[in-house]
Amino acid sequence: MKNTTTSLSLLLAGSLLLNTAFADDFTIQNDWHFAGLNQPVKQITVQETREDGEELQKTQTSFNEQGFITEIIYDDSLKQVFEPYQGKVRNIAFIYEAEGEEQRQELTTTWLDENHIRFDDGDLVIDTFFDSEGKATRHELFMDSTTKPDEITQYQYIDINDPKPEIKENYVFVTNLELDKNGNWVQQKEEKSNDKPVIRTRVIEYFP
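Calculation notes
- Residues numbered from 1 in each chain as written.
- Predicted model: local features only at pLDDT ≥ 70, side-chain atom pairs only at ≥ 80, totals over all residues.
- Heavy atoms only, no water.
- Helix = DSSP H or I, 4+ residues; strand = E, 2+ residues; numbered from the N terminus.
- Buried < 20%, exposed > 50% of the residue type's maximum accessible area, 1.4 Å probe, protein only.
- Contact = heavy atoms within 4.5 Å.
- Areas by Shrake-Rupley, 256 points an atom, 1.4 Å probe, with all protein chains shown as cover.
- Patch = residues over 30% accessible without salt bridge, like charges linked within 9 Å, V, L, I, M, F, W, Y side chains within 5 Å.
- Salt bridge = Lys/Arg side-chain N within 4 Å of Asp/Glu carboxyl O.
- Lys, Arg positive; Asp, Glu negative; His and termini not counted.
- Charge placed at Lys NZ, Arg CZ, Asp CG, Glu CD.
- Core = buried A, V, L, I, M, F, W, Y, C linked by side-chain atoms within 4.5 Å.
- Pairing = 2+ DSSP bridges.

## Remarks on the overall build of the chain
A count of helices and strands for the chain gives 2 helices and 13 strands. When the 208 residues of the chain are sorted by exposure, 43% land in the buried category. Expressed as a percentage of contacts within the chain between residues at least 6 apart in sequence, the contacts between residues at least 24 apart total 35%. Taken as a whole, the chain presents about 11500 Å² of accessible surface, with 44% of it coming from carbon and sulfur.

## Observations regarding a negative patch on the surface
The grouping of Glu97, Glu99, Glu101 and Glu102 at the surface amounts to a negative patch. Take Glu101: it is sitting in strand S6 (residues 101-113). Assessed through its relative accessible area of 52%, Glu101 is described here as exposed.

## What about the pattern of salt bridges?
According to the stated counting rule, one finds 14 salt bridges in the structure shown. For Arg118, the salt bridge goes to Asp127, with nearest N and O atoms at 2.7 Å. Relative accessible area serves as the criterion here: at 22%, Arg118 is assigned to the partly exposed category. For the salt bridge of Glu133 with Lys135, the shortest nitrogen-to-oxygen distance reads 3.5 Å. The class for Lys135 is partly exposed, based on a relative accessible area of 30%. Salt bridges linked by common partners bring Glu51, Lys164, Lys189 and Glu191 together as one network.

## Describing the nonpolar core
In terms of nonpolar packing, the biggest core is built from 20 residues, with Leu37, Val41, Ile44, Phe63 and Ile204 touching the most fellow members. By size, the runner-up hydrophobic cluster in this structure holds 12 residues, among which are Phe34, Trp111, Tyr155 and Val172.

## Quick word on the pairing of strand S1 (residues 41-50)
Counting buried positions along S1 yields 7 of 10 residues, so the element is predominantly enclosed. Note that S1 and strand S13 (residues 198-206) share 9 bridges and pair antiparallel. Within S13, the residue paired with Gln43 across the bridge is Glu205. Note that S1 and strand S2 (residues 55-63) share 7 bridges and pair antiparallel. Bridging across to S2, Val46 finds its partner in Thr59. Taking the residues that link successive antiparallel strands as the turn, the S1-S2 hairpin has 4 residues, and the phi of Gly53 there is positive, at about 100 degrees.

## Observations regarding unusual backbone geometry
One non-glycine residue, Asn170, adopts positive backbone phi at about 70 degrees. Looking at the element boundaries, Asn170 is found in the loop between strand S10 (151-158) and strand S11 (171-179). According to the relative accessible area criterion, Asn170 is partly exposed, its value standing at 45%. You will see that Asn194, though not glycine, has its phi angle at about 60 degrees, which is positive. For Asn194, the location among the structural elements is in the loop between strand S12 (185-192) and S13. Overall, Asn194 belongs to the exposed group, its relative accessible area being 80%.

Any link to function would need more than the numbers given here.
Here it is in structure tokens:
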């Protein structure tokens, strides 16, 4: 069960880029900001594929009118339900089926600073840091203690017209390939060492 829990935690790590809160000593912008959305959006659907067309994962994220995530559905079956924030802490229920029965895993995200959020499921801790535009700059993964990370991932954002960077270990390079008429990305490329590039295609449903 611990291996299953860890795998589910890693699956959820990408979704943490979208979490946000209001805390006692600082104010954090809503989830639209951290999803790279510059105006109110009701729902986004993201399909991840390899460059050769191999399908990886589909996520459907719903927002309320205040810009906070209400749920994420993975591949039309696994569901992540978001409770409202209490101060700077948010509880999340990850619901999935195993051996014919519905399982429920409780997760927690906490804002430690206005640019620093912590994901904790009891077995795995992931700290994510953001820049002023809401883009993730670094992931730190902890397995046994939060004193020293077991793994660090750095993010770098590349303009489509920039020269192709040298892919470095522990770096993730992100390029927006296409924007919609509102300036929100609808196709994005992610590259990292020892892995095939990933293409994300995003369908955005705006509020009327």
